[in-house]
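This is what each chain is made of:
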Amino acid sequence: MRDEVDTLVEAWARERTDLDLSPVEVFSRISRLGRHLDLTRRVAFTAHGIESWEFDVLAALRRAGAPYELSPGRLLRETLVTSGTMTNRVDRLASRGFVERLPDPRDRRGVQVRLTPEGKAAVDGAFGALLEAEAHLLAALPSEDQATLAGLLRTLLAPFS
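Below, the structure is looked at part by part. (Residues numbered from 1 in each chain as written. Predicted model: local features only at pLDDT ≥ 70, side-chain atom pairs only at ≥ 80, totals over all residues. Heavy atoms only, no water.)

## Points about the packing of helix H3 (residues 52–63) against helix H5 (residues 83–95)
Two measures define how a pair of helices packs: the angle their axes make with one another and the distance between the axes. Operational definition: As a rule, the C-alpha atoms of each element are fitted with a line to give its axis, helices using only the stretch in contact, and angles between N-to-C directions run from 0 to 180 degrees. Here a helix means four or more residues in a row that DSSP labels H or I, a strand means two or more in a row labelled E, and each is numbered from the N terminus. For classification, angles of less than 35 degrees are called roughly parallel, those exceeding 145 degrees roughly antiparallel, those between 65 and 115 degrees roughly perpendicular, and all remaining angles oblique. When checking whether two residues touch, look at their non-hydrogen atoms; a contact exists if any pair is within 4.5 Å. Classes in brief: Ala, Val, Leu, Ile, Met, Phe, Trp, Tyr, Cys and Pro nonpolar; Asp, Glu, Lys and Arg charged; the others, Gly included, polar.
Where H3 meets H5, the closest approach of the two axes is 11 Å, and the angle between their N-to-C directions is 90°. By the angle between their directions, the pair H3 and H5 is classed as roughly perpendicular. The residues of H5 that touch H3, namely those facing Trp53, Glu54, Val57 and Leu58, are Met86, Arg89, Arg92 and Leu93. Here the contact of H3 with H5 is composed, by residue class, of five nonpolar, no polar and three charged.

In C-alpha coordinates form, the structure reads like this:
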(Lines give C-alpha, C1' and ligand atoms only; values in the text may rest on other atoms or scores of the structure.)
Protein backbone atom coordinates (compact mmCIF):
# COMPACT_ATOMS: atom_id res chain seq x y z
CA MET A 1 0.00 0.00 0.00
CA ARG A 2 1.32 3.44 -0.94
CA ASP A 3 0.25 6.91 0.09
CA GLU A 4 1.05 10.50 -0.84
CA VAL A 5 3.91 10.62 1.68
CA ASP A 6 5.71 7.84 -0.21
CA THR A 7 5.65 10.02 -3.32
CA LEU A 8 6.86 13.04 -1.38
CA VAL A 9 9.72 11.09 0.24
CA GLU A 10 10.80 9.59 -3.08
CA ALA A 11 10.99 13.07 -4.60
CA TRP A 12 13.10 14.37 -1.71
CA ALA A 13 15.32 11.28 -1.85
CA ARG A 14 16.01 11.99 -5.51
CA GLU A 15 16.87 15.62 -4.76
CA ARG A 16 18.63 15.22 -1.40
CA THR A 17 20.45 11.90 -1.28
CA ASP A 18 22.49 13.24 1.64
CA LEU A 19 19.54 13.36 4.08
CA ASP A 20 17.85 10.78 6.28
CA LEU A 21 14.18 11.19 5.39
CA SER A 22 12.75 8.81 8.00
CA PRO A 23 11.37 11.68 10.17
CA VAL A 24 9.41 12.93 7.14
CA GLU A 25 7.84 9.49 6.74
CA VAL A 26 6.51 9.64 10.31
CA PHE A 27 5.65 13.28 10.86
CA SER A 28 4.17 14.00 7.43
CA ARG A 29 1.75 11.15 8.05
CA ILE A 30 0.95 12.41 11.55
CA SER A 31 0.39 15.90 10.14
CA ARG A 32 -1.92 14.63 7.42
CA LEU A 33 -3.83 12.48 9.89
CA GLY A 34 -4.13 15.54 12.13
CA ARG A 35 -5.86 17.43 9.34
CA HIS A 36 -8.28 14.56 8.77
CA LEU A 37 -8.92 14.33 12.51
CA ASP A 38 -9.59 18.09 12.76
CA LEU A 39 -12.16 17.84 9.97
CA THR A 40 -13.75 14.77 11.55
CA ARG A 41 -13.96 16.53 14.91
CA ARG A 42 -15.48 19.63 13.36
CA VAL A 43 -18.20 17.55 11.68
CA ALA A 44 -18.98 15.61 14.88
CA PHE A 45 -19.16 18.78 16.97
CA THR A 46 -21.14 20.80 14.44
CA ALA A 47 -23.74 18.03 14.34
CA HIS A 48 -24.25 18.70 18.06
CA GLY A 49 -24.27 22.48 17.77
CA ILE A 50 -20.86 23.22 19.26
CA GLU A 51 -17.44 24.26 18.02
CA SER A 52 -14.11 22.60 18.79
CA TRP A 53 -13.09 25.22 21.35
CA GLU A 54 -16.45 24.84 23.09
CA PHE A 55 -15.96 21.10 23.26
CA ASP A 56 -12.53 21.57 24.87
CA VAL A 57 -13.95 23.64 27.74
CA LEU A 58 -17.12 21.58 28.16
CA ALA A 59 -15.14 18.32 28.08
CA ALA A 60 -12.72 19.58 30.75
CA LEU A 61 -15.69 20.33 33.01
CA ARG A 62 -17.37 17.00 32.22
CA ARG A 63 -14.20 15.02 32.97
CA ALA A 64 -13.95 16.76 36.36
CA GLY A 65 -16.92 14.68 37.55
CA ALA A 66 -19.95 15.85 39.47
CA PRO A 67 -20.67 18.65 40.16
CA TYR A 68 -18.76 19.33 36.89
CA GLU A 69 -17.03 22.50 37.97
CA LEU A 70 -13.50 23.88 37.86
CA SER A 71 -11.78 27.13 38.67
CA PRO A 72 -10.83 29.32 35.71
CA GLY A 73 -7.17 28.58 36.51
CA ARG A 74 -7.73 24.85 36.30
CA LEU A 75 -9.61 25.32 33.02
CA LEU A 76 -6.57 27.21 31.69
CA ARG A 77 -4.32 24.27 32.52
CA GLU A 78 -6.77 21.76 31.05
CA THR A 79 -7.23 23.62 27.74
CA LEU A 80 -3.84 25.34 27.29
CA VAL A 81 -5.19 28.82 26.49
CA THR A 82 -4.49 32.25 27.98
CA SER A 83 -6.59 33.74 30.76
CA GLY A 84 -8.04 36.36 28.41
CA THR A 85 -9.06 33.67 25.96
CA MET A 86 -10.61 31.58 28.74
CA THR A 87 -12.60 34.54 30.07
CA ASN A 88 -14.00 35.11 26.58
CA ARG A 89 -14.81 31.42 26.16
CA VAL A 90 -16.57 31.15 29.49
CA ASP A 91 -18.55 34.31 28.71
CA ARG A 92 -19.68 32.87 25.38
CA LEU A 93 -20.54 29.46 26.86
CA ALA A 94 -22.47 31.14 29.67
CA SER A 95 -24.46 33.19 27.14
CA ARG A 96 -25.42 29.91 25.43
CA GLY A 97 -26.52 28.41 28.76
CA PHE A 98 -23.80 25.71 28.73
CA VAL A 99 -21.94 26.91 31.84
CA GLU A 100 -22.58 29.13 34.82
CA ARG A 101 -20.27 31.06 37.13
CA LEU A 102 -20.66 30.43 40.84
CA PRO A 103 -18.87 32.00 43.82
CA ASP A 104 -15.94 29.90 45.03
CA PRO A 105 -16.86 28.75 48.57
CA ARG A 106 -13.15 28.58 49.47
CA ASP A 107 -12.20 32.05 48.17
CA ARG A 108 -14.61 35.00 48.25
CA ARG A 109 -12.76 36.65 45.36
CA GLY A 110 -12.84 33.55 43.15
CA VAL A 111 -15.40 31.83 40.99
CA GLN A 112 -16.08 28.31 39.83
CA VAL A 113 -17.29 27.48 36.35
CA ARG A 114 -19.96 24.79 36.36
CA LEU A 115 -21.41 22.78 33.50
CA THR A 116 -25.18 23.18 33.18
CA PRO A 117 -27.49 20.29 32.23
CA GLU A 118 -27.63 21.80 28.69
CA GLY A 119 -23.84 21.90 28.52
CA LYS A 120 -23.60 18.31 29.78
CA ALA A 121 -26.06 17.14 27.12
CA ALA A 122 -24.13 18.98 24.39
CA VAL A 123 -20.72 17.62 25.38
CA ASP A 124 -22.02 14.08 25.93
CA GLY A 125 -23.65 14.01 22.50
CA ALA A 126 -20.60 15.48 20.78
CA PHE A 127 -18.24 13.09 22.58
CA GLY A 128 -20.29 10.07 21.52
CA ALA A 129 -20.24 11.26 17.90
CA LEU A 130 -16.51 11.93 18.13
CA LEU A 131 -15.75 8.45 19.43
CA GLU A 132 -17.79 6.88 16.66
CA ALA A 133 -15.98 8.96 14.01
CA GLU A 134 -12.55 8.25 15.49
CA ALA A 135 -13.30 4.52 15.63
CA HIS A 136 -14.13 4.73 11.94
CA LEU A 137 -10.76 6.40 11.25
CA LEU A 138 -8.98 3.56 13.08
CA ALA A 139 -11.04 0.75 11.56
CA ALA A 140 -8.26 -0.28 9.14
CA LEU A 141 -6.00 -1.21 12.09
CA PRO A 142 -6.56 -4.34 14.17
CA SER A 143 -7.02 -3.58 17.90
CA GLU A 144 -3.54 -4.85 18.80
CA ASP A 145 -2.01 -2.48 16.23
CA GLN A 146 -4.11 0.36 17.64
CA ALA A 147 -2.70 -0.39 21.10
CA THR A 148 0.85 -0.48 19.71
CA LEU A 149 0.33 2.82 17.90
CA ALA A 150 -1.10 4.42 21.05
CA GLY A 151 1.97 3.32 22.99
CA LEU A 152 4.38 4.63 20.37
CA LEU A 153 2.60 7.98 20.21
CA ARG A 154 2.66 8.17 24.03
CA THR A 155 6.43 7.73 23.92
CA LEU A 156 6.75 10.58 21.39
CA LEU A 157 4.47 12.89 23.39
CA ALA A 158 5.91 12.17 26.86
CA PRO A 159 8.70 14.79 26.67
CA PHE A 160 6.08 17.51 26.07
CA SER A 161 3.98 16.64 29.14
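We are not done yet, so read on.
## Considering the packing of aromatic side chains
Centre distance and the angle of the planes are the two values used to describe a pair of aromatic rings. Worth spelling out the cut-off: Here a pair means two rings of Phe, Tyr or Trp (six-membered ring of Trp) with centres within 6.5 Å. Their orientation is stacked below 30 degrees between planes, edge-to-face above 60, and tilted elsewhere. Accessible area is worked out with a 1.4 Å probe on protein chains only. A residue is then buried under 20% of its type maximum, exposed over 50%, and partly exposed in between.
Inspection of every chain in the model, using the stated rule, returns two aromatic pairs. When the ring of Phe45 is compared with that of Phe55, the centres are 4.3 Å apart and the planes differ by 15°; the resulting orientation is stacked. Placement of Phe45 in helix H2 (residues 22–46) and of Phe55 in helix H3 is noted, with a sequence separation of ten residues between them. Comparing Phe45 with Phe55 shows no difference in burial state: the two are buried. When the centroid spacing of 6.3 Å and the interplanar angle of 25° are considered together, the rings of Phe55 and Phe127 count as stacked. Placement of Phe55 in helix H3 and of Phe127 in helix H6 (residues 117–138) is noted, with a sequence separation of 72 residues between them. Through successive ring pairs, a cluster of aromatic residues spans Phe45, Phe55 and Phe127.

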